[in-house]
Amino acid sequence: MSRVEKVVVPDGEFDLRVWAPEGGGPGVLLVQEIFGVGDYMEAVAEDLVALGYVVGAPDMFWRIEPNWTTEHNEEALPKGMSMVSQFDWEKGVEDAAAALGVLRGMPEVGKVGVLGFCFGGTLGYLLAARAEVDSLVSFYGSGVPGMLEHLDAVQAPVQFHFGGADPYIPREDVAKVERAVEGRDGMEIHVQEDGGHAFHNRKAPMFYQPEPAARAWRLTEEFLRRTLS
């Protein structure tokens, strides 16, 4: 079961879907991929709640079309990409920070981390460079390799995930992140060399790869437990 909290910003308000275990726990701000806060984000939220986390998933496309979601298939890709092309990144980071504040302010929530996938992997990274978070997990954020100048601003522990066979993020771009992270305390990167794009998305048959997904998720669980407990 989930509930909806409202996030109020200077020029409007938007939904933050919240899932919580009985008794509360550490918080995870779950930042959507290009398909919206739909069945995949719900599935990830349920996985996290089972691990004891309070999860908040903000509607990041609200300025374009509130509560928009779509199927995870090839026909929906152009629409999802269109939503991203209309996205105001500056305001988006501000919106994500406001959602983070609402989640952090809930009485049942302890430390708060950020977990983002694809589009959300980039947005979560920018958020962690701007706001105070307790940890960040970024899955295949295509914008990250071109925004490494923000890495110094990220004070929280970070875990990056990429696929080594991702057609949208060239392996040489992933290598740039590997080099940037190397030697930095609290930062790690894991590349599933057999993984394509969105390999963790079990609601998208065109993307899902069970073995890389399972390996990356085990690392994610351990990292969140270590940084948010």
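The coordinates are above.
Keep in mind it's a predicted model, so treat the numbers as computed, not measured.

A.B. asks: Would you explain the pairing of strand 4 (residues 54-58) in this entry?
C.D. replies: Counting buried positions along strand 4 gives five out of five residues, so the element sits mostly inside the fold. Summarising the sheet, strand 3 (residues 25-31) and strand 4 pair through three bridges and their orientation is parallel. In the sheet register, Leu29 faces strand 4, and the bridge partner there is Gly56. In this region the chain leaves strand 3, passes through helix 1 (residues 39-50) and returns to the parallel neighbour strand 4; the handedness of that crossover is right-handed.

A.B. asks: Looking at this model, I keep getting lost on helix 5 (residues 171-181). Mind explaining?
C.D. replies: Residues that lie three or four places apart on an α-helix share one face, since the helix turns once every 3.6 residues. Residues of helix 5 that are buried: Val174, Ala175, Val177 and Val181. Across the axial projection of helix 5, the buried residues extend over an arc of 155°, all falling on one side. Facing away from the buried side of helix 5 by over 90 degrees, the exposed positions are Glu172 and Arg179. If you follow the buried residues of helix 5, they end up packed against strand 7 (158-163) and strand 8 (187-192). One or two residues past the end of helix 5 sits Gly183, with phi positive at roughly 85°.

A.B. asks: When you look at the sheet that holds strand 6 (residues 135-139) in this model, what are you seeing that I'm missing?
C.D. replies: Across a sheet, paired strands are connected by hydrogen bonds in the backbone, their directions being either parallel or antiparallel. One open sheet holds the eight strands; their spatial order is 1-2-4-3-5-6-7-8, and the pairing between them is mixed. This sheet does not close on itself; its edge strands, each paired only once, are strand 1 (2-9) and strand 8. Direction aside, the axes of adjacent strands within the sheet are offset by 20° on average. For strand 5 (residues 109-117) and strand 6, the ladder comprises five bridges, and the chain directions are parallel.

A.B. asks: It is not clear to me how the pattern of salt bridges should be interpreted in this structure. Could you clarify?
C.D. replies: When the charged atoms of two side chains with opposite charge come close together, those side chains can pair. Following the criterion strictly, the structure yields 17 salt bridges and no others. The partner of Arg17 in a salt bridge is Glu42, with the nearest N and O atoms 2.9 Å apart. With Arg17 in strand 2 (residues 12-19) and Glu42 in helix 1, the pair connects residues that are 25 residues apart, well separated along the chain. The exposure class of Glu42 is partly exposed, given its relative accessible area of 26%.

Basis of the calculations
- Residues numbered from 1 in each chain as written.
- Predicted model: local features only at pLDDT ≥ 70, side-chain atom pairs only at ≥ 80, totals over all residues.
- Heavy atoms only, no water.
- Buried < 20%, exposed > 50% of the residue type's maximum accessible area, 1.4 Å probe, protein only.
- Helix = DSSP H or I, 4+ residues; strand = E, 2+ residues; numbered from the N terminus.
- Pairing = 2+ DSSP bridges.
- Right-handed = clockwise from strand over helix to strand, strands pointing away.
- Arc of directions from axis to C-beta.
- Contact = heavy atoms within 4.5 Å.
- Axes fitted to C-alpha atoms, helices over the stretch in contact; angles between N-to-C directions.
- Salt bridge = Lys/Arg side-chain N within 4 Å of Asp/Glu carboxyl O.

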